[in-house]
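Descriptive structure summary
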Amino acid sequence: MKSTMLGAALLAIAGLIPATGAAQDAQTLKIATEPDYPPFEYRDTDGQLAGFDIDIGNEVCKRLARECAWVDQPFDSLIPGLQAHKFDLVNATMTATDARRKIIDFSTPMYIVQVKLMVRKGSGLQPTAQSLKGKRVGVQQGTTMETYARQEWAPQGVEIVSYPSHTNAFVAMASGRLDATFQEAQSAVDGFLNKPEGANFELVASPLDSPILNQPIAMGIRKGNPLKVEVDRALESMLADGTLQGYARKYFAEGNIAFPGAR
Ligand code: ARG
């Protein structure tokens, strides 16, 4: 008799635990990022996730009274993973391009960053097909810089080399296997130029206005997910009260970042 009661009690508890677990999961906001892109998203020397987008994401969770659970993903698998329901949001310096808008939704624009070519000092190279002809230019796979370079430069004889992460491209640059890399300016500064191996390199002017580059950065959201309404409200309040701009001051040189409506 006693053991039957115990059995029933255990069953009840067993029944309760998954229910509670599910309730907690529903409260957790799963955000994917590619943390090899300082100062936007990176792991600090203790292996802790840090950076501008991480600060923004954590504050969005706070304003929505939800827990954040960050998920590491290679950059080119962020959109497929979002579509496969592996996470709720993407926050990885993702440019809200028209091509991407066809397959996912984006939050309200968060910020706009400069894209620049990085070259060896004194090389005289410029971000044009004419100047880069016959040269090797490194880009990160799946990024807007890759799309631009393959569309605008590759057909004119520029060799475009794609890397899974920017760190790979910077290593290739340092060892002389590339003539240039093409990325968002501040990521070249934090990921390479500020380090000893970056001493002989510099950034040169951005390419002309382009519908692929220079678009705002936003969070990626699955198409039609009503979560967008809440996330937009949180981001708009952070832009309105200066929270987002305040985080930017920790990470960016003047001129490397702009905000919606203040272009
Ligand atoms: N803004 C560019 C894009 O959307 C590059 C972003 C790279 N981000 C990263 N975490 N590696 O394609």
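Residues numbered from 1 in each chain as written. Predicted model: local features only at pLDDT ≥ 70, side-chain atom pairs only at ≥ 80, totals over all residues. Heavy atoms only, no water.

Across all of its chains, the model carries 9 salt bridges by this definition. Residues K62 and E59 are paired through a salt bridge, measuring 3.9 Å at the closest nitrogen-oxygen approach. Residue K62 and its partner E59 are both found in helix α2 (residues 52-63); the two are separated by 3 residues, about one turn of the helix. Here E159 and R136 are joined by a salt bridge, their closest N and O atoms 2.8 Å apart. Of this pair, E159 sits in strand β11 (residues 159-163) while R136 sits in strand β10 (residues 136-140), and the two are 23 residues apart along the sequence. Here the residues in one salt-bridge network are E59, K62, R63 and D241, joined through shared partners. (Salt bridge = Lys/Arg side-chain N within 4 Å of Asp/Glu carboxyl O. Helix = DSSP H or I, 4+ residues; strand = E, 2+ residues; numbered from the N terminus.)

Near the ligand you find 15 residues, and of these E34, T93, T95, R100 and E184 are the closest. One of the side-chain N or O atoms of E41 is found 3.1 Å from a nitrogen atom in the ligand. The separation between a nitrogen atom of the ligand and a polar main-chain atom of T93 is 2.7 Å. In isolation the ligand has 350 Å² of accessible area, and contact with the protein removes 100% of it. (Near = heavy atom within 4 Å. Polar contact = N/O pair within 3.5 Å; in protein donor to acceptor, adjacent residues only side chain to side chain. Areas by Shrake-Rupley, 256 points an atom, 1.4 Å probe, with all protein chains shown as cover.)

All right, on to α2 then. Counted at 1.5 Å a residue, the expected span for α2 with its 12 residues is 16 Å, and the 17 Å between its end C-alpha atoms agrees. In terms of burial, α2 is largely enclosed, as 9 of its 12 residues are buried. By the burial criterion, the buried members of α2 are F52, D53, I54, D55, I56, G57, E59, V60 and C61. Directly beyond the C-terminal end of α2, a positive phi value near 55° is found at A65. (Expected span 1.5 Å × (residues − 1). Buried < 20%, exposed > 50% of the residue type's maximum accessible area, 1.4 Å probe, protein only.)

What the rule picks out here adds up to 2 cavities of 30 Å³ or more. Each pocket or cavity is described by its volume, and for the largest cavity that value is around 90 Å³. F75, A92, T93, T143 and E184 are the residues nearest the centre of the largest cavity, which is lined by 13 residues in total. Tallied by class, the residues present in the lining of the largest cavity amount to 4 nonpolar, 5 polar and 4 charged. (1 Å grid on protein atoms, 1.4 Å probe; cavity = no way out; pocket = protein on both sides within 12 Å on 5 of 7 lines; lining within 4 Å. Points joined across faces, edges and corners; volume = space filled by probe spheres on them. Nonpolar A, V, L, I, M, F, W, Y, C, P; charged D, E, K, R; others polar.)

Counting 50 residues, the largest nonpolar core has F52, I56, Y111, W153 and F182 as its most contacted members. Broken down by element, the residue count for this core peaks at 6 residues, all from helix α9 (residues 227-240). If we skip the residues at most four places from it in the chain, Y111 touches F40, F52, D53, I56, T93, P216, I217, I257, A258, F259 and P260. (Core = buried A, V, L, I, M, F, W, Y, C linked by side-chain atoms within 4.5 Å. Contact = heavy atoms within 4.5 Å.)

Attention now goes to the sheet that holds strand β14 (residues 220-221). The 5 strands are arranged β5-β1-β6-β14-β7 in an open sheet whose pairing can be described as mixed. Each edge of the open sheet carries a strand with a single partner, namely β5 (67-72) and β7 (105-106). In this structure, β7 lies alongside β14, joined through 2 bridges in antiparallel fashion. Bridged to D105 within β14 is I221. The strands touched by α2 are β1 (28-33) and β5; relative to β5, the strand with the most contacts, the crossing angle is about 145°. (Pairing = 2+ DSSP bridges. Axes fitted to C-alpha atoms, helices over the stretch in contact; angles between N-to-C directions.)

A few words on the packing of aromatic side chains. Scanning the model with the defined rule gives 11 aromatic pairs in all. Where Y37 meets F40, the ring centres are 5.3 Å apart and the plane angle is 25°; that geometry is what we call stacked. Given the relative accessible area of 5%, Y37 is considered buried. An aromatic cluster is present here, built from Y37, F40, F52, Y111, Y251 and F252 joined pairwise through their rings. (Phe/Tyr/Trp six-rings, centres within 6.5 Å; stacked < 30°, edge-to-face > 60°.)

Turning next to the sheet that holds strand β3 (residues 41-43). The 3 strands lie next to each other as β2-β3-β4, forming an open sheet whose pairing is antiparallel. Each edge of the open sheet carries a strand with a single partner, namely β2 (36-37) and β4 (49-50). In this sheet, β3 lies alongside β2 in antiparallel orientation, the contact comprising 2 bridges. Directly across from D36, in β3, lies its bridge partner Y42.

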